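Structural overview
Residues per chain, in single letters:
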Amino acid sequence: MNEQIALSVQNVYKVFGKRPAEAVKRMKAGKTRDEVSALGTAAVIDASFDVRAGEIFVVMGLSGSGKSTLIRTLNGLQPQTAGNVVVGGTDISTISDAELRKVRQQKISMVFQHFALMPHRTVADNAAYALEVQGMAKAERLARAEKVLKLVGLEGWGDKFPAELSGGMQQRVGLARALCAETDILLMDEAFSALDPLIRREMQEQLVALQADLGKTIVFITHDLNEAMFLGDRIAVMRDGRIVQIGTPDDILTHPANDYVAQFVQDVDRTRVLTAGSVMEPARAVVNLSGGPRNALRTMRDLQTSAAFVVDQRRTFFGTVRDRDVMHLVESRAPDLAAAVRNGNGAVRAETPLSELFGLAVESPIPLPVVDDEGRLVGAIPRVTLLAALGNVPSSTTDIPIVESAPAPIPEQEVTRTLNKTSMGIKTSAEGGTR
Amino acid sequence: MDLEFRIPLGDWVDVGLDWLLATFAAVFAFIRTVFLAAYDSLEWLLTTPPSWAIIIVFAAIAYAARGWKLALGTALGFLLIVGVNQWDNAMESFALVIVATVVAILLSVPTGILAASSATASAIIRPILDFMQTMPAMVYLIPALVMFRVGVVPGIIATIIFSMAPGVRFTELGIRGVDKEVVEAGYAFGSSPGSILRKIQLPLAMPTIMAGINQVIMLALSMVVIAGMVGAGGLGGEVVASLNRIDAGLGFEAGLAVVILAIFLDRVTASVGKTSEPGGRAGAGRLAKQSLQNA
């Protein structure tokens, strides 16, 4: 990959206590966190990761896992005991206080858990704080702040004091303050944890939208796995000061590195993380539109299913057919399968989250067809798969003949009898129709 | 078995004091001159105009700080002082309290800031404050008397030492009580420690610091009487005189004047502390909702 690295953390340790350097030395020699506890409390142990420009990198862990300390090493609020933190090419562990202040002003800003607004200043003055520190003239910085406040949906609130705003609005001011600094990197320390669930959701969505517009690099700390999964391009899971796994939300959910992560992700709302594309199975009962009714009926008989998906040569999805309808066509010797096709727009897209599939699955007696951007059938989701995905049961259902008991298939003999009865009249080259 | 020994602590103090006097005589003379000048000019300012003019000024200050009720009470209270013939004494004491308080604040607030910024400084300053606050106030008077001679200056010095402690403590408490995250935010956006002190810590600690200043003033007033013993005059002089003459009536009149001064100063400074707190957190949520509904 040749993506730009915005922020690089290399073997960072942070130990609080009497003899932090000694504690680090011993841990590097293989001692555990508990063994060095007499020397100091190790909050961050050997953390290394790179954050790519423009991604949302989430650090997730329970309270006490060291994530808040870790994020504070990134802008030097808690200088690390050992290791290097490189912000946009500058190693902040080696620079002077004055230079560090410059880095904080120009490269990296922060949003705090409890907003950390200055209660004695108006919303606009709060938002413009970073610019004030940078030494911008008052009129200019207030004009800029007004623009950013508009961006976060607080137009016209500039003259109020923070205490007059609700929690969600206060955090928008916190976000505006950080955005106003126009730094490339944004640190967010449990930024939405103090908000009501509904407001939190709204803020998460707004953050994702802002990120898409502004292309900031965001390091987001949270203890909420659902939040991590929703926001994160990549997630680092922390436990007892160590990073135990770094990966995409999908990775973490489906391939947890150890029992701890597995246990952690147990509670996640999988339906919001997993997409139709990630759980779908190969669609087996597929018939070709040009294959005709006889061919379709034969396929369904062979697979012992009561319905099949209809596609064309390019696998573009047309709809579904039911065995009874097809049998009527066969009995009436109609040559065109199209008359039996129904439900042409019941397909779901591969990137649809599972949470949106349940309603559809309930209404649909057959597996949900999954299509790609060009409308081609790429897979199917039987209800069983949907349930299995929720419980993280390994998707062994693939090998089981698709279970779709809802409308029982017409008994095999009856189908065969119908096919035989009508076989003399029609001789089509239907063999290629099934796949 | 009795332990028989005597630590000559008192002798040491005497020797130390003699040394101080010999070495820093010029410094003491300078301090005396400055304090005396400040006191004299303030006293002149308060006693030269007719008493009704001063009362109007006080009432106006009370009105600005709190409203018409306090203004009315102030006017009545000071008229009472005039009525019991303690006006000049009261103004002398008032001048003493103001000079002592201003100096005490100038010393105690920076000390409090220092104590808040470093745990070591705090650990050193705290026992000194305990000493200053609990040592019987009259004990300060003796060396002060030696250093600055009889008159109003030793009274001012003793008052400063006795009343400083809450100023330091409240300042430290106020600054330490500022939301840590807000201070962190200041650092996170690249502010220098000095700018964080000026723009974040001091403004947010101001209500607490004002409460400390209020306490400083109250303690200074309580020292007025003791200052009277070293010839500071004013209401304290009257109380000491009434004690010598066993004159309960005079003692009560002078004491009442002290009380009136105290109430006036307390109410005025307390409300200054309150108004410097913006918004107020409690009603904030409701306010926000209202403005949302109006929008």
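**Topic: the overall build of chain B**
- Across its full length, chain B carries 13 helices and 0 strands.
- Listing each helix as α and each strand as β along chain B from the N terminus yields α-α-α-α-α-α-α-α-α-α-α-α-α.
- With respect to the principal axes defined by its C-alpha atoms, chain B has extents near 75 × 55 × 45 Å.
- When each of the 295 residues of chain B is scored for burial, the buried share is 43%.
- Summarising the internal contacts of chain B: among those between residues at least 6 apart in sequence, 77% fall at separations of at least 24.
- For chain B, the exposed surface amounts to about 15,400 Å²; the carbon and sulfur share of it is 69%.
- Across chain B, 17 positive and 19 negative side-chain charges occur, with their mean positions spaced 15 Å apart.

**With respect to helix H4 (residues 68-83) of chain B**
- Its 16 residues give H4 of chain B an end-to-end C-alpha distance of 22 Å, which sits within 8% of 22 Å, the value for a rise of 1.5 Å per residue.
- Within H4 of chain B the residues assigned to the buried category are Leu70, Ala71, Thr74, Ala75, Gly77, Phe78 and Ile81 of chain B.

**Here we look at the interface of chain B and chain A**
- Listed per partner, the contact involves 25 residues of chain B and 34 residues of chain A.
- For the chain B and chain A pair, buried surface summed over both sides reaches about 2,400 Å², with 64% attributable to carbon and sulfur atoms.
- Across the chain B-chain A interface, the total number found is 2 salt bridges.
- Glu132 of chain A is the partner of Lys199 of chain B in a salt bridge, and the nearest nitrogen-oxygen pair spans 2.9 Å.
- One can count 8 residue pairs in polar contact (both at pLDDT 80 or more) joining chain B with chain A.

**Brief notes about the environment of Lys138 of chain A**
- Along the polypeptide, Lys138 of chain A turns up in helix H6 (residues 138-151).
- When the C-alpha positions of Lys138 of chain A and Asp125 of chain A are compared, they lie 9.3 Å apart, and in sequence the two are 13 residues distant.

**Topic: a nonpolar patch on the surface**
- Taken together, the side chains of Leu3, Phe5, Ile7, Leu9, Trp12 and Val13 of chain B define a hydrophobic patch exposed on the protein surface, amounting to about 720 Å² of accessible area.
- Along the chain, Val13 of chain B turns up in helix H1 (residues 9-23).

**Comments concerning the confidence of the model for chain B**
Residue and element names in this part refer to chain B.
- Residues of chain B with pLDDT of at least 70 account for 92%, and the chain-wide mean is 87.
- Predicted confidence for residues 276-295 stays below pLDDT 50, and this span has 20 contacts to residues more than four positions away or in other chains.
- The ipTM value of the predicted complex is 0.73, and its pTM value is 0.73.

**A look at the packing of aromatic side chains**
- In the structure shown here, the tally under the stated rule is 11 aromatic pairs over all chains.
- Seen in terms of ring centroids, Phe309 of chain A and Phe317 of chain A are 6.0 Å apart; in terms of plane orientation they differ by 65°. Their pairing is edge-to-face. For the pair Phe309 of chain A and Phe317 of chain A, one class covers both residues: buried.
- Geometrically, the ring pair formed by Phe58 of chain B and Phe78 of chain B is tilted, given 4.8 Å between the ring centres and 50° between the ring planes. Separated by 20 residues along the polypeptide, Phe58 of chain B in helix H3 (residues 51-65) and Phe78 of chain B in helix H4 bring together distant segments of the chain. In this pair, the class of Phe58 of chain B matches that of Phe78 of chain B, namely buried.
- Taken together, Phe58, Phe78, Trp87, Phe94 and Phe264 of chain B form an aromatic cluster joined through their ring pairs.
- The ring of Trp157 of chain A is capped by Lys160 of chain A, whose NZ or CZ atom sits 5.9 Å from the centre of that ring.

**Examining the environment of Gln86 of chain B**
- Position of Gln86 of chain B relative to the elements: it lies in the loop between H4 and helix H5 (87-117).
- Residues in contact with Gln86 of chain B, not counting those within four places in the same chain, are Ile81, Leu235, Glu238, Leu250, Glu253, Ala254 and Ala257 of chain B.

**Concerning the sheet that holds strand E6 (residues 108-111) of chain A**
Residues and elements named next belong to chain A.
- Strand order in this open sheet of 6 strands is E6-E7-E8-E3-E9-E10, and the pairing throughout is mixed. At either end of the open sheet lies a strand with only one pairing partner, and these are E6 and strand E10 (242-247). Sheet twist, expressed as the average angle between the axes of neighbouring strands with direction ignored, equals 20°.

**Let's talk about the side chain of Gln206 of chain A**
Residues and elements named next belong to chain A.
- Among the structural elements, Gln206 can be located in helix H8 (residues 197-214).
- Reaching out from Gln206, the side chain makes a polar contact with the side chain of Arg172 at a distance of 3.0 Å.
- Apart from residues no more than four positions distant in its own chain, Gln206 is found in contact with Leu151, Val152, Gly153 and Arg172.

**Examining the pairing of strand E8 (residues 217-222) of chain A**
Residues and elements named next belong to chain A.
- The element E8 is largely enclosed, with a buried count of 6 among its 6 residues.
- Residue alternation in E8 divides its side chains into two sets, Thr217, Val219 and Ile221 and Ile218, Phe220 and Thr222, and both sets are buried.
- Relative to E8, strand E3 (residues 56-60) is paired through 5 bridges, and the arrangement is parallel. Opposite Phe57, over in E8, you have Val219 as the bridge partner.
- With 5 bridges connecting them, strand E7 (residues 185-189) and E8 associate as parallel partners. Within E8, the position partnered with Met188 by the bridge is Phe220.
- Handedness of the crossover joining E7 and E8 through H8 is recorded here as right-handed.

**Quick notes on the packing of helix H6 (residues 119-134) of chain B against helix H8 (residues 152-176) of chain B**
Residue and element names in this part refer to chain B.
- It is the contact of H6 with H8, at a shortest axis distance of 9 Å, that shows an interaxial angle of 150°. Of the possible angle classes, the one that applies to H6 and H8 is roughly antiparallel. Considering how the two elements wind past one another, H6 and H8 form a crossing that is left-handed. Contacts between H6 and H8 involve Ala119, Ser122, Ile125, Arg126, Leu129, Asp130, Met132 and Gln133 from the first element and Ile161, Phe162, Met164, Ala165, Pro166, Val168, Arg169, Glu172 and Arg176 from the second.
- When the residues that make up the contact of H6 with H8 are grouped by side-chain class, the tally is 10 nonpolar, 2 polar and 5 charged.

**Focus on the layout of surface pockets**
- If you add up the space inside the largest pocket, you get close to 590 Å³.
- As for the largest pocket, its lining consists of 22 residues, and the residues nearest its centre are Lys180, Val183, Glu184, Tyr187 and Gln201 of chain B.
- Listed by contribution, the elements that provide at least two residues to the lining of the largest pocket are helix H2 (67-74) of chain A together with H5, H8, helix H9 (180-188) and helix H10 (193-228) of chain B.
- The element best represented in the lining of the largest pocket is H9 of chain B, accounting for 5 residues.

Reading the values: the criteria
Residues numbered from 1 in each chain as written. Chains lettered and ligands numbered in written order. Predicted model: local features only at pLDDT ≥ 70, side-chain atom pairs only at ≥ 80, totals over all residues. Heavy atoms only, no water. Helix = DSSP H or I, 4+ residues; strand = E, 2+ residues; numbered from the N terminus. Buried < 20%, exposed > 50% of the residue type's maximum accessible area, 1.4 Å probe, protein only. Contact = heavy atoms within 4.5 Å. Areas by Shrake-Rupley, 256 points an atom, 1.4 Å probe, with all protein chains shown as cover. Lys, Arg positive; Asp, Glu negative; His and termini not counted. Charge placed at Lys NZ, Arg CZ, Asp CG, Glu CD. Expected span 1.5 Å × (residues − 1). Buried area = accessible area lost by both parts, 1.4 Å probe. Salt bridge = Lys/Arg side-chain N within 4 Å of Asp/Glu carboxyl O. Polar contact = N/O pair within 3.5 Å; in protein donor to acceptor, adjacent residues only side chain to side chain. Patch = residues over 30% accessible without salt bridge, like charges linked within 9 Å, V, L, I, M, F, W, Y side chains within 5 Å. pLDDT = per-residue confidence, 0-100. Phe/Tyr/Trp six-rings, centres within 6.5 Å; stacked < 30°, edge-to-face > 60°. Lys NZ or Arg CZ within 6 Å of the ring centre and 35° of its normal. Pairing = 2+ DSSP bridges. Axes fitted to C-alpha atoms, helices over the stretch in contact; angles between N-to-C directions. Right-handed = clockwise from strand over helix to strand, strands pointing away. Parallel < 35°, antiparallel > 145°, perpendicular 65-115°, else oblique. Left-handed = near helix turned anticlockwise from the far one by under 90°. Nonpolar A, V, L, I, M, F, W, Y, C, P; charged D, E, K, R; others polar. 1 Å grid on protein atoms, 1.4 Å probe; cavity = no way out; pocket = protein on both sides within 12 Å on 5 of 7 lines; lining within 4 Å. Points joined across faces, edges and corners; volume = space filled by probe spheres on them.

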